[in-house]
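The lines below spell out each chain.
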Amino acid sequence: QKALKEVSSKPVICSGSTMGSQRAIELYSIAMVAQFDKTKCKQVGCDQGFHNYLYYEGGLKPFLQSHGCTINVHKQGDGAVNNLAAMRNSPLRDQGVVIDGKANDGIVVVNNDKSTPSPVVHQFDRDKELKVAMRKRTSLMLARWRSSL
């Protein structure tokens, strides 16, 4: 309960968009497994709790630094990965995140905080319009690929 109270007021950092060098990910994985071994948590979403606890309270940063690795956390919409799950309070279009593409072909663009296209979009399926658009885009790409065989 104490740990929950410590991290509950802090921004959630998504474990699903963790990336790094091989060594950093190996060390991160060691820390995550150790957290599982300590808690034995098997509920859906435990990884999020482990991830945030390790970052905010569990010493992940000094652990990584002691092995020559660094850690960087980017705020929502500012970085290589734009995690959309945290923005579920209203449609992404209403928030100015989803806009129509320049070709006006039904393709949409997901912008980051700087109003430039996001290099990587994580959890796009949390927004109804974007989910439909991505299914359409995927179908078009698969059709093009199949026709090239």
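Residues numbered from 1 in each chain as written. Predicted model: local features only at pLDDT ≥ 70, side-chain atom pairs only at ≥ 80, totals over all residues. Heavy atoms only, no water.

### Quick notes on the overall build of the protein chain
Summing up its helical and strand segments, the protein chain has five helices and four strands in all. In the protein chain, the succession of α and β elements from N to C terminus is α-α-α-α-β-β-β-β-α. A compact globule built from 149 residues should have a C-alpha radius of gyration of about 15 Å, whereas the protein chain, at 19 Å, is more than 25% larger. Seen along its three principal axes, the alpha-carbon backbone of the protein chain occupies a region of about 50 × 40 × 30 Å. (Helix = DSSP H or I, 4+ residues; strand = E, 2+ residues; numbered from the N terminus. Rg over C-alpha atoms; globule rule 2.2 N^0.38 Å.)

### Some words on the packing of aromatic side chains
Applying the stated rule across the entire model yields one aromatic pair. Between Tyr55 and Tyr56, the ring centres sit 5.1 Å apart and the planes meet at 75 degrees, which makes this aromatic pair edge-to-face. Classification of Tyr55 as partly exposed rests on a relative accessible area of 28%. (Phe/Tyr/Trp six-rings, centres within 6.5 Å; stacked < 30°, edge-to-face > 60°. Buried < 20%, exposed > 50% of the residue type's maximum accessible area, 1.4 Å probe, protein only.)

### Some remarks on the packing of helix 2 (residues 22–39) against helix 3 (residues 46–56)
Where helix 2 meets helix 3, the closest approach of the two axes is 10 Å, and the angle between their N-to-C directions is 115 degrees. If you check the angle between helix 2 and helix 3, you find them roughly perpendicular. Considering the relative orientation of helix 2 and helix 3, their crossing is right-handed. Across the interface between the two elements, Tyr28, Ala31, Met32, Gln35, Phe36 and Thr39 of helix 2 pack against Asp47, Phe50, His51, Tyr53 and Leu54 of helix 3. In terms of residue class, the contact of helix 2 with helix 3 is built from seven nonpolar, three polar and one charged. (Axes fitted to C-alpha atoms, helices over the stretch in contact; angles between N-to-C directions. Parallel < 35°, antiparallel > 145°, perpendicular 65-115°, else oblique. Left-handed = near helix turned anticlockwise from the far one by under 90°. Contact = heavy atoms within 4.5 Å. Nonpolar A, V, L, I, M, F, W, Y, C, P; charged D, E, K, R; others polar.)

### A look at the nonpolar core
Membership of the largest hydrophobic core is limited to 11 residues, which are Ala24, Leu27, Tyr28, Ala31, Met32, Cys46, Phe50, Leu54, Leu60, Leu64 and Cys69. Of all the secondary-structure elements, those providing two or more residues to this core are helix 2, helix 3 and helix 4 (60–65). With five residues, the top contributor of residues to this core is helix 2. Discounting chain neighbours no more than four positions away, the residues touching Cys69 are Arg23, Ala24, Leu27 and Leu64. In this structure, Leu84, Val97, Val98 and Val110 belong to the second largest nonpolar core, which totals nine residues. (Core = buried A, V, L, I, M, F, W, Y, C linked by side-chain atoms within 4.5 Å.)

### As for the side chain of His51
By the secondary structure assignment, His51 is in helix 3. Classification of His51 as buried rests on a relative accessible area of 8%. Filtering out sequence-adjacent residues up to four positions away, His51 remains in contact with Ile13, Cys14, Ser15, Thr18, Tyr28 and Met32.

### Overview of the state of the cysteines
Throughout the structure, instances matching the rule amount to one disulfide. Residue Cys41 pairs covalently with Cys46 via a disulfide, S to S 1.6 Å. Cys41 gets classed as partly exposed once you look at its relative accessible area, which sits at 21%. Residue classification places Cys46 among the buried positions, given a relative accessible area of 10%. Residue Cys14 stays outside any disulfide, its sulfur separated by 15 Å from that of Cys46, the closest cysteine. Look at Cys14 and you get buried, because its relative accessible area is 11%. (Disulfide = S-S within 2.5 Å.)

### Some points on the environment of Met19
Looking at the secondary structure, you find Met19 in the loop between helix 1 (2–7) and helix 2. A relative accessible area of 57% places Met19 in the exposed class. In this structure the C-alpha to C-alpha distance between Met19 and Ile71, which are 52 residues apart in sequence, comes to 9.9 Å. Setting aside residues up to four positions removed in sequence, Met19 forms contacts with Ile25 and Val81.

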